[in-house]
Amino acid sequence: MQNPFENAMQQLKRANAVKAFPSEFLAQLEHPNREIHISIPVKMDDGSLKVFEGYRVEHNNARGPYKGGIRYHQDTDINEVKALAFWMALKCAVANIPMGGGKGGVTVDPKKLSKGELERLSRGWARGMADVLGPKKDVPAPDVNTTPEIMAWMNDEFMKISGEKTLATFTGKPLDVGGSEGRGPATGLGGFYVFDILRQKHNLPESCTVVIQGFGNVGGNAAEIFSEHGHKIIALSDSKGAIVKNDGFDIKAVNEFKKANGQIEGFPGSRTITNAELLELPCDVLIPAALENQITFDNAPQIKAKFILELANGPITPEADEILYDRGIPVVPDILANSGGVTVSTFEWEQNLKGEHWSEVDVFTKLKKILDEESTIIYEKSVALKTDIRRAAFIVALERIAEAMNYKVN
Ligand code: NAD
């Protein structure tokens, strides 16, 4: 697999070739402020002891406390977490929220753990990282395979260790322990708001055919929201397989099927295809919402989508970006397209700090305002600089971070 941090650094170089930033500034962005590795010993249900590897990377906090999710995955390693932390720094700047970039992870297949083992592992991560966390220092959130319940365990563990009675150290918590209304669908909904602004700029129809890779928090919510807004979801996938239905899926029915069967494959009226085939289906909009390195030098020439919305982090490699750009396929980059999640996480942090609870309508109204404005700013930047939306988004983010670090940029 390609090293995601090297990909991220290549993206930085591509953006810097369009607008040059001071070399001292870039040198700092090429290195995270801090990388923390911990060992997490966990008593397993059979009485044995297993030691897991945990990570936190704090990339840059010029604009505010480090912010970013925690990923549980068997392939997670320090390079992946470093890339994700770098993208978080840019993403918070793109959304213009007062946060820096961080990310965490554990190398583990959580599906192989019992609930008790998962809780002990999660509390172990929070204990091992407690010194560097806190509302004004570093505020983690969920990512792949981490849930509101896991955030609640971690926040509880952090409060016990620090003695600080605060709910503002972890976001993405359940509602009854300080979670925000709307955090669940925030990333998918934010992706829709961004898409809707750029759809109009790119003259896409009001009702598009949509293909979604990944049917978890982000992909599942996006499927529901796009379909509620009149778009037709013609293909879906999860880690177990992909399905296609040319007349469009009833997403609520797919959700019920997944709950009952643990997979989407076999959904009545659908045809099974491979995940590789799914990415190459003809459609108006392709939404990668699973993991990184899905569209590469090898399959980019075969992509038939007219428009790509990156809801996953890092699903397109820099080589594939070049190919898609040359082929005239617009890509809305992760740091803009999926920034709704960290934006509502930041609303949750703000509510916790102020002891407030905002209504869902308030949360979504504030989210839409931010994403409508920032999507427009970035689109206009891409037109002014005659470049793609990814490089424009990088440049807007870099200008904001540079300003916070007192670098002069023209
Ligand atoms: P999740 O664990 O809820 O869902 C991941 C989904 O991807 C699952 O349906 C899984 O089966 C599927 N999947 C895994 N490997 C796959 C493969 N090879 N092919 C097809 N499907 C596969 O995770 P999530 O929170 O939905 O995160 C998905 C992506 O969105 C990640 O890149 C994450 O970093 C990014 N993201 C998440 C948030 C958030 O708020 N959760 C915010 C911003 C970005």
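Residues numbered from 1 in each chain as written. Predicted model: local features only at pLDDT ≥ 70, side-chain atom pairs only at ≥ 80, totals over all residues. Heavy atoms only, no water.

Could you give an account of the site of the ligand, naming the residues involved and the relevant values?
The ligand sits among 23 residues. The nearest are Arg71, Asp143, Thr187, Ser239 and Asn313. Here Asp143 contributes a side-chain N or O atom positioned 2.7 Å from an oxygen atom of the ligand. Taking Ser239, its main chain carries an N or O atom lying 2.8 Å from an oxygen atom of the ligand. Coverage of the ligand by the protein amounts to 85% of the 830 Å² it exposes when considered alone. Of all the elements in the fold, those that place two or more residues in the shell around the ligand are helix H7 (217-228) and strand E7 (232-238). Of the residues belonging to the shell around the ligand, the class tally is 8 nonpolar, 11 polar and 4 charged. Two domains each provide a minimum of three residues to the shell around the ligand, namely domain 1 (34-168) and domain 2 (186-337). (Near = heavy atom within 4 Å. Polar contact = N/O pair within 3.5 Å; in protein donor to acceptor, adjacent residues only side chain to side chain. Areas by Shrake-Rupley, 256 points an atom, 1.4 Å probe, with all protein chains shown as cover. Helix = DSSP H or I, 4+ residues; strand = E, 2+ residues; numbered from the N terminus. Nonpolar A, V, L, I, M, F, W, Y, C, P; charged D, E, K, R; others polar. Domains from an automatic or database assignment.)

Break down the packing of aromatic side chains for me, with residues and values.
Considering all chains together, one arrives at 9 aromatic pairs under this definition. Seen in terms of ring centroids, Phe25 and Tyr407 are 5.4 Å apart; in terms of plane orientation they differ by 55 degrees. Their pairing is tilted. In this pair, Phe25 sits in helix H2 (residues 23-29) while Tyr407 sits in the segment after helix H14 (389-404), placing the two residues 382 residues apart along the sequence. What makes Phe25 buried here is its relative accessible area of 0%. On the basis of an interplanar angle of 90 degrees and a centroid distance of 5.2 Å, the ring pair of Phe192 and Phe226 is categorised as edge-to-face. A residue pair is termed long-range when its members are at least 10 positions apart, and Phe192 in helix H6 (residues 186-201) and Phe226 in helix H7 qualify at 34 residues. Each of the two residues, Phe192 as well as Phe226, counts as buried. One aromatic cluster is present, built from ring pairs that chain together Phe192, Phe195, Phe226 and Phe307. The residue whose ring lies beneath Lys366 is Trp358, and the NZ or CZ to ring-centre distance is 4.2 Å. Sitting above the plane of the Tyr193 ring, Lys368 keeps its charged end 5.6 Å from the centroid. (Phe/Tyr/Trp six-rings, centres within 6.5 Å; stacked < 30°, edge-to-face > 60°. Buried < 20%, exposed > 50% of the residue type's maximum accessible area, 1.4 Å probe, protein only. Lys NZ or Arg CZ within 6 Å of the ring centre and 35° of its normal.)

Explain the sheet that holds strand E2 (residues 49-60) to me, using residue names and the numbers behind them.
The mixed open sheet is built from 5 strands, whose spatial order is E1-E2-E4-E3-E5. The open sheet terminates on both sides in strands that have one partner only, identified here as strand E1 (34-43) and strand E5 (138-142). Strand-to-strand twist across the sheet, computed as the mean angle between neighbouring axes with direction ignored, equals 25 degrees. Across 6 bridges, the pairing between strand E3 (residues 66-73) and strand E4 (residues 100-107) is parallel. The residue of E4 that forms the bridge with Tyr66 is Gly100. Each of E1, E2, E3, E4 and E5 is contacted by helix H4 (residues 115-129), which is oriented at about 145 degrees to E1, the strand it contacts most. (Pairing = 2+ DSSP bridges. Axes fitted to C-alpha atoms, helices over the stretch in contact; angles between N-to-C directions. Contact = heavy atoms within 4.5 Å.)

Lay out helix H1 (residues 4-18) with the relevant residues and their values.
The end-to-end C-alpha distance of H1 is 22 Å, a good match for the 21 Å that 15 residues give at a rise of 1.5 Å each. Among all positions in H1, only Pro4, Phe5, Asn7, Ala8, Met9, Gln11, Leu12, Arg14 and Ala15 are buried. Where H1 begins, the side chain of Asn3 points an oxygen toward the backbone nitrogen of Phe5, at a separation of 2.8 Å. (Expected span 1.5 Å × (residues − 1).)

Please set out the pattern of salt bridges residue by residue, giving values where relevant.
Counted according to the given criterion, the structure contains 35 salt bridges. For Lys258, the salt bridge identified is with Asp238, shortest N-O distance 2.8 Å. Here Asp238 lies in strand E7 and Lys258 lies in helix H8 (residues 251-261), a separation of 20 residues in the sequence. For Lys258, a relative accessible area of 25% translates into the label partly exposed. The partner of Arg400 in a salt bridge is Glu374, and the shortest N-O contact between them spans 2.8 Å. Of this pair, Arg400 sits in helix H14 while Glu374 sits in helix H13 (residues 360-384), placing them 26 residues apart in sequence. Glu374 matches Arg400 in its accessibility class, with the two residues each being buried. (Salt bridge = Lys/Arg side-chain N within 4 Å of Asp/Glu carboxyl O.)

Tell me about the domain arrangement of the protein, and please be specific about residues and values.
Split by domain assignment, the protein resolves into domain 1 (34-168) and domain 2 (186-337). Relative to domain 2, the C-alpha centre of domain 1 lies at a distance of 27 Å. Taken together, the contacts link 12 residues of domain 1 with 9 residues of domain 2. Roughly 810 Å² of surface becomes buried between domain 1 and domain 2 when both sides are summed, with 58% attributable to carbon and sulfur atoms. Interface area lost by domain 1 to domain 2 is led by Trp87, Lys91 and Val94, which between them contribute 52%. Between Arg71 and Glu292 there is a salt bridge whose closest N-O contact spans 3.1 Å. Linking domain 1 with domain 2 are 2 residue pairs in polar contact (both at pLDDT 80 or more). With 6 residues, helix H3 (residues 78-94) is the single largest residue contributor to the side of domain 1 that touches domain 2. Here the residues of the side of domain 1 that touches domain 2 sort into 5 nonpolar, 1 polar and 6 charged. (Buried area = accessible area lost by both parts, 1.4 Å probe.)

Before we move on, could you go through unusual backbone geometry and cite the residues and values that matter?
Not every positive phi belongs to a glycine, and Asn203 is a case in point at roughly 55 degrees. Residue placement: Asn203 occurs in the loop between H6 and strand E6 (209-213). Even without glycine at this site, Asn293 takes up a positive phi of about 55 degrees. Looking at the element boundaries, Asn293 is found in the loop between strand E10 (283-288) and strand E11 (305-309). Overall, the relative accessible area of 13% leaves Asn293 in the buried class.

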